[in-house]
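Summary of structural features
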Amino acid sequence: MTKPASGMAVPGAAALLLLLLVGAAAGCGYQSCPPTRPGLLNVHLVPHTHDDVGWLKTVEQYFYGVRNEVQHAGVQYILDSVVAQLVADPSRRFIYAEVAFLARWWRQQDEATRRTVRQLVEQGRLEFVGGGWCMSDEAAAHYGPAIEQLALGRRFLRREFGACGTPRVAWQIDPFGHSRQLAAIFAQMGYDGLFVGRVDHQDKATREGLREMELLWRASESLSPPAADLFTGILPNVYNPPSGFCWDQLCSDPPVVDEDSEENNVDSIVSTFLQIAASQAERYRTNHIIMTMGSDFQYENANLWFKNMDKLIAHVNARQANGSRVHVLYSTPSCYLWELHRANLSWSLKTDDFFPYADGPHQFWTGYFTSRPAFKRYERLSNNFLQICSQLEALAGPAAREGPYGPGNSSVLREAVAVAQHHDAVTGTEKQHVADDYARQLAAGWESCQFTVILYNPLGRQVSWPIRLPVNGASYAVTDPQGQPVPSEVVPVSNFTRRLRGDGGSAVRELLFQASAPPLGFSTFTVSRLSRGDPRAHPARTPVVSQPREIQNEHVRVLFDPLTGLLKEIQDLDKSISLPVFQSFYWYNASVGNDESSQASGAYIFRPNSSEPFPVSGSKRVSAHLVKNALVQEVHQNFSSWCSQVVRLRAGQPYVELEWTVGPIPVADGWGKEIISRFETTLQTDARFYTDSNGRQILERRRDYRPTWNLSQTEPVAGNYYPVNSRIFIKDKKFQLTVLTDRSQGGSSIFDGSLELMVHRRLLYDDNRGVGEPLVELGANKQGLVVRGRHLVLLDTVESAANRHRLLAQELFMAPYAVLAPGGGPSYRRGQPRVRQFSGLRRELPPNVHLLTLTPWDAGALLLRLEHQFERGESANGSQPVTVDLLNLFSAFTIVSVQEMSLGADLPLDATSRLVWTPATGLAQPRPVPKLDPSRITLQPMEIRTFLATVQYEVPGAGPGGP
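Residues numbered from 1 in each chain as written. Predicted model: local features only at pLDDT ≥ 70, side-chain atom pairs only at ≥ 80, totals over all residues. Heavy atoms only, no water.

A word on the overall build of the protein
Of the regular secondary structure elements, the protein holds 16 helices and 46 strands. Viewed in the frame of its principal axes, the protein has a C-alpha envelope of about 100 × 70 × 55 Å. In the protein, which comprises 963 residues, the share counted as buried stands at 62%. Taking all contacts inside the protein whose residues are at least 6 apart in sequence as the whole, residues at least 24 apart take part in 75%. (Helix = DSSP H or I, 4+ residues; strand = E, 2+ residues; numbered from the N terminus. Buried < 20%, exposed > 50% of the residue type's maximum accessible area, 1.4 Å probe, protein only. Contact = heavy atoms within 4.5 Å.)

Topic: the sheet that holds strand E39 (residues 837–839)
Across the sheet, which stays open at both edges, the four strands sit in the order E38-E12-E18-E39 with antiparallel pairing between neighbours. In this open sheet, the two strands that pair with only one neighbour each are strand E38 (817–818) and E39. Sheet topology note: the strand E12 (residues 455–457)/E38 ladder contains two bridges and is antiparallel. Bridging from a neighbouring strand, Leu-455 pairs with Ala-818 of E38. Against the sheet, helix H12 (residues 373–396) touches E12, E38 and E39, its axis set at about 85° to E12. (Pairing = 2+ DSSP bridges. Axes fitted to C-alpha atoms, helices over the stretch in contact; angles between N-to-C directions.)

Looking at the side chain of Gln-391
Summarising the element assignment, Gln-391 is placed in helix H12. Taking the relative accessible area as the measure of exposure, Gln-391 reaches 2% and is therefore buried. Apart from residues lying up to four places away in sequence, Gln-391 is in contact with Tyr-456, Asn-457, Pro-458, Leu-520, Met-814 and Leu-854.

With respect to the packing of helix H13 (residues 411–420) against helix H14 (residues 432–447)
Where H13 contacts H14, the two axes come as close as 7 Å, and the packing angle between them is 155°. Classed by the angle they form, the pair H13 and H14 counts as roughly antiparallel. The interaxial crossing formed by H13 with H14 has left-handed handedness. Facing Val-412, Leu-413, Ala-416, Val-417 and Val-419 of H13, the residues of H14 in contact are Tyr-438, Gln-441, Leu-442, Ala-444, Gly-445 and Trp-446. In terms of residue class, the contact of H13 with H14 is made up of nine nonpolar, two polar and no charged. (Parallel < 35°, antiparallel > 145°, perpendicular 65-115°, else oblique. Left-handed = near helix turned anticlockwise from the far one by under 90°. Nonpolar A, V, L, I, M, F, W, Y, C, P; charged D, E, K, R; others polar.)

Thoughts on the packing of helix H9 (residues 266–281) against helix H10 (residues 302–318)
Running from amino to carboxyl end, H9 crosses H10 at an angle of 80°, the nearest separation of the two axes being 10 Å. Considering the angle they form, H9 stands roughly perpendicular to H10. Residues Val-266, Ile-269, Val-270, Phe-273 and Leu-274 of H9 touch H10, and the partners they reach there are Leu-312, His-315 and Val-316. The residue inventory of the contact of H9 with H10, partitioned by class, reads seven nonpolar, one polar and no charged.

As for the state of the cysteines
Using the criterion set out here, one finds three disulfides in the structure. The residue that forms a disulfide with Cys-33 is Cys-335, at a sulfur-sulfur distance of 2.2 Å. The sign of the -95° torsion about the S-S bond sets the Cys-33-Cys-335 disulfide as left-handed. With Cys-33 in the loop between helix H1 (12–26) and strand E1 (41–47) and Cys-335 in helix H11 (residues 333–342), this residue pair connects regions lying 302 residues apart in the sequence. For the pair formed by Cys-33 and Cys-335, the shared burial category is buried. Between the sulfur of Cys-246 and that of Cys-251 lies a disulfide, 1.8 Å long from S to S. We classify Cys-251 as partly exposed; its relative accessible area is 24%. With no disulfide partner, Cys-134 has as its closest neighbouring cysteine sulfur the one in Cys-389, 20 Å distant. (Disulfide = S-S within 2.5 Å.)

A short note on the nonpolar core
In terms of nonpolar packing, the biggest core is built from 171 residues, with Val-43, Leu-45 and Tyr-299 touching the most fellow members. Not counting the four nearest positions on each side in its chain, Leu-45 is found in contact with Phe-273, Met-291, Met-293, Met-309, Leu-312, Ile-313, Val-328, Leu-329, Tyr-330 and Ser-331. Core analysis: the second largest hydrophobic core is formed by 31 residues, Leu-845, Val-882, Phe-893 and Ile-895 among them. (Core = buried A, V, L, I, M, F, W, Y, C linked by side-chain atoms within 4.5 Å.)

Some remarks on unusual backbone geometry
Cis rather than trans, the peptide bond between Pro-225 and Pro-226 has omega equal to 5°. Its place among the elements puts Pro-226 in the loop between strand E6 (214–218) and strand E7 (229–234). Of the consecutive residues Phe-355 and Pro-356, the connecting peptide bond is found in the cis state with omega at -10°. By secondary structure assignment, the location of Pro-356 is in the loop between strand E11 (349–350) and H12. Within the chain, Leu-520 stands out as a residue other than glycine whose phi angle is a positive 50°. Locating Leu-520 in the fold gives a position in the loop between strand E17 (509–517) and strand E18 (521–523). Its identity as a non-glycine residue notwithstanding, Ser-576 has a phi of 55°, on the positive side. Within the secondary structure, Ser-576 is located in the loop between strand E22 (567–572) and strand E23 (577–589).

Re the packing of aromatic side chains
Applying the stated criterion to the full structure yields 39 aromatic pairs. Judged by centre distance (6.4 Å) and plane angle (15°), the ring pair of Phe-63 and Phe-101 falls under stacked. Here Phe-63, found in helix H2 (residues 59–64), pairs with Phe-101, found in helix H4 (residues 99–107); they are 38 residues apart in sequence, far enough to count as distant. Among the residues examined, Phe-63 registers a relative accessible area of 0% and is labelled buried. (Phe/Tyr/Trp six-rings, centres within 6.5 Å; stacked < 30°, edge-to-face > 60°.)

Considerations on the sheet that holds strand E8 (residues 288–293)
To summarise the sheet geometry, strands pair through backbone hydrogen bonds and adopt either a parallel or an antiparallel arrangement. Spatially, the three strands line up as an open sheet ordered E8-E1-E9, and their pairing is parallel. Every other strand in the sheet has two partners, leaving E8 and strand E9 (326–330) as the edge strands with one partner each. Adjacent strand axes in the sheet meet at a mean angle of 25° when their direction is disregarded. Strand direction decides the pairing type here: E1 and E8, joined by six bridges, are parallel. Residue pairing for E8: Pro-47 is matched across the bridge by Met-293. Most of the contacts of H9 go to E8, to which it runs at about 125°, and overall it touches E1, E8 and E9. Here H10 sits on the sheet in contact with E1, E8 and E9, set at roughly 155° to E9.

Notes on the pattern of salt bridges
One pass over the full model with this rule turns up 51 salt bridges. The residue Asp-796 makes a salt bridge to Arg-804 at a minimum N-O spacing of 3.5 Å. Its relative accessible area of 3% is what places Asp-796 among the buried residues. Given the relative accessible area of 18%, Arg-804 is considered buried. Among the charged side chains, a network of salt bridges with common partners joins Arg-468, Glu-510, Glu-634, Arg-648, Arg-650, Glu-657, Glu-659 and Arg-790. (Salt bridge = Lys/Arg side-chain N within 4 Å of Asp/Glu carboxyl O.)

Re the pairing of E22
By the criterion of burial, E22 is predominantly enclosed, with five of the six residues buried. For strand E21 (residues 556–560) and E22, the ladder comprises five bridges, and the chain directions are antiparallel. If you follow Arg-557 over to E22, its bridge partner there is Gln-571. Where E22 and E23 come together, four bridges link them in antiparallel fashion.

Observations concerning the confidence of the model for the protein
Looking at the protein as a whole, the pLDDT averages 90, with 90% of positions reaching at least 70. Overall, residues 403–408 carries pLDDT values under 50, and its contacts beyond four positions in sequence, including any with other chains, amount to 14 contacts. Counting contacts from residues 956–963, a segment whose pLDDT is below 50, to residues more than four positions away or on other chains yields 29 contacts. (pLDDT = per-residue confidence, 0-100.)

Some thoughts on H11
Along an α-helix, residues three or four apart share an orientation, since each turn contains 3.6 residues. Counting buried residues in H11 gives seven out of ten residues, a clear majority hidden from the surface. For H11, the complete set of buried residues consists of Pro-333, Ser-334, Cys-335, Tyr-336, Leu-337, Glu-339 and Leu-340.

Notes on the pairing of strand E25 (residues 623–628)
Looking at chain direction, E25 and strand E26 (residues 632–640) are connected through six bridges and run antiparallel. Bridge pairing links Lys-628 to Gln-633 in E26. Taking the residues between adjacent antiparallel strands as the criterion, E25 and E26 are bridged by three residues.

Considerations on H12
The end-to-end C-alpha distance of H12, which contains 24 residues, comes to 35 Å, matching closely the 34 Å that a straight helix rising 1.5 Å per residue would cover. With its phi angle positive at about 70°, Gly-397 sits one or two positions after the end of H12. (Expected span 1.5 Å × (residues − 1).)

What follows is the structure in structure tokens.
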């Protein structure tokens, strides 16, 4: 038996019939929204649960509800309970965000339950918000996998629930700061609005005073408005209910007692609620306010919540008879958004982002930009591998599901990479056992995707790529796909590499050679071990042990101080420019937070106890030696027993590579440490530096400054740290120094002419933000995690710097991938000859165009995304519009027909419509969708265009001969 709001008991079947009758007339979308009361303050109650896709427990543990001694949470029971309570009363509503959990639950349901849920969705009473596989992070997530995980979730919702399952609202209620690039992605996917929970406490206080808690975010300076304009609302209580109104089984607030009982508390509860509503209304502009009724993993017993909200709504609205001007209703974020749009107001305009985030004077959540650096790199590598798998499946066609390499199905890896984007995954803010589980999921995904190539290039242009293989032989011969010899060298394994391996490893040498691969294709190189008597054999070169003064190739010269062994100058030989550059490693002493008034550094929060870091070397002198041969020149620097670096120039390389190895970070002295690589130059930077937004847009940062409010700086280091997904740079009027990263890190410019990147951190105290353990990361040998990474350093003129860093950052993110196969490797399909070199493109893409996505979609169809990878005005040539002939682009298949889609690929572009909002600066009307001509696809700066292409392969049942 179930009880509707009237209190009359009715059979469950009758309730379901009532549900269907009500829904038949309402429909989904904005037309399904409940009526509001003009002239009254309308309070939109939004029942919701926030279900982290891993945090204190693993994804599996959260779904099934095990390990409740860690945290009481069972998502399967939440969804069971909510559906039952929605069926019980047709006035109730609920929203859900995390598709990773929803999809798992959905697969377990019988067809009757599925029909019921579809009816709830079609009536707008169960609304999906966000729509991604998870609620992704916005600081450490790169835009590529961020798009992919959103598209994955939206595709599931569209497939199972049709048009009514398509989210209209982005729901980023828990991420720790918000990026401009992700807002631009939401806008281009067709979202009408975005709701966020966490903004800086000073920013929020300022906005509350100005009644600017809701605004219009112009999320791109390159895309013409309103293409990247996104209405953004800041929720009043992060995502929690008002104080005193939490009615979950996890809460302790009193229920509403409204019968003839000495415990009757209706007057008190209603009066308190009206006071809260009136106070909140003073901070918002319309006669509509929103209240989030739920929190982490709530609604496992949804009856508790709904029964009390039913009573609250009834008793508050009953006060209208006595003159109350407040009306309460069950609602959803999209229905609330619709009322704001109907208000026909103009809204303040924001063009910067919401970083860094602080929830108190000394609580800057900037530590997670770097936390768990090894996992951050593994996530980046896994996405790289996923894109290669998807491309190979697309190029091979149906043959990808045949032959010795299994089904060619990358769905396991796709879901694992999507989960890794979660705001407690790639951030590094999860418990250690959960981080281990995320890595396990990624590892399982790698095993599900196989291919046989020597060097595969996922980029749309030819690349030259260094190969470095562990070997035991003294001499080898390498030949290219045409059988021509390739210069190679054998060098001893460095002590740094041995230390990183931990077990010493069996290989004592490394084979070096430079390989090249055509665009969207592969090259096969043959490696033969030479006998001692072979005339081609030459002994492995021994490093020159000396204090190096310089290394040089045809493009760059790097000078070192002979007294300290440190880098001191970089010269660009092509442009005859030079810049003094001093680089070294330091560590910040982590605050311990040993009393209630102080704040410790932890997985989330970065708080050094001093603004001055300590040199890792203990002095400014490091030991160094030189390795030099025809292919590479390297200076090996040893800063301490746990910190070393190789400064490297390869032949033909127009940048300096810094390969750093850090760990185990020592903590025997009782201090946690946050390790940085700092660059100091003579550039006059005027407190300005520049960081990327999710690896795409570039934003100017100013030390001790926020564009939208007057900052009172309380943490001169942590308060100036920003997320660096791919690059950070400083510049003056002439020169620019850019450092590219191979994973997400925190970075800043603490004083003029400098920039720094945090590479590793090991902390001894929890920062009291819920994770409940310090960020220690003991590593496999339980002595402390050792991490290796790369920084690529570019010196250029300001005018031409983007031409280099744009392409190089993409090359670092979508790197070529080398795989070893015995002998020549088997053919892809039986009976076919081996193909030693292949390109999936008929010609290289222009330098400013990137093939963002190439993946199988439906039968006989592929999904393509092409993007313009330059911003407006940053390059004389690169920032120009560019046109591509899509029909004559690929060699592996013929495109038969093309349909342009929204960025999420779940809606045709011409069927996508968004609410138009008026900024305070004046209305910008959306441009009509131009007629599609696949032979002339024009891309404007920062534009991404998405296509669903029906294709026909050159060889029936196979790709272009297979890789």
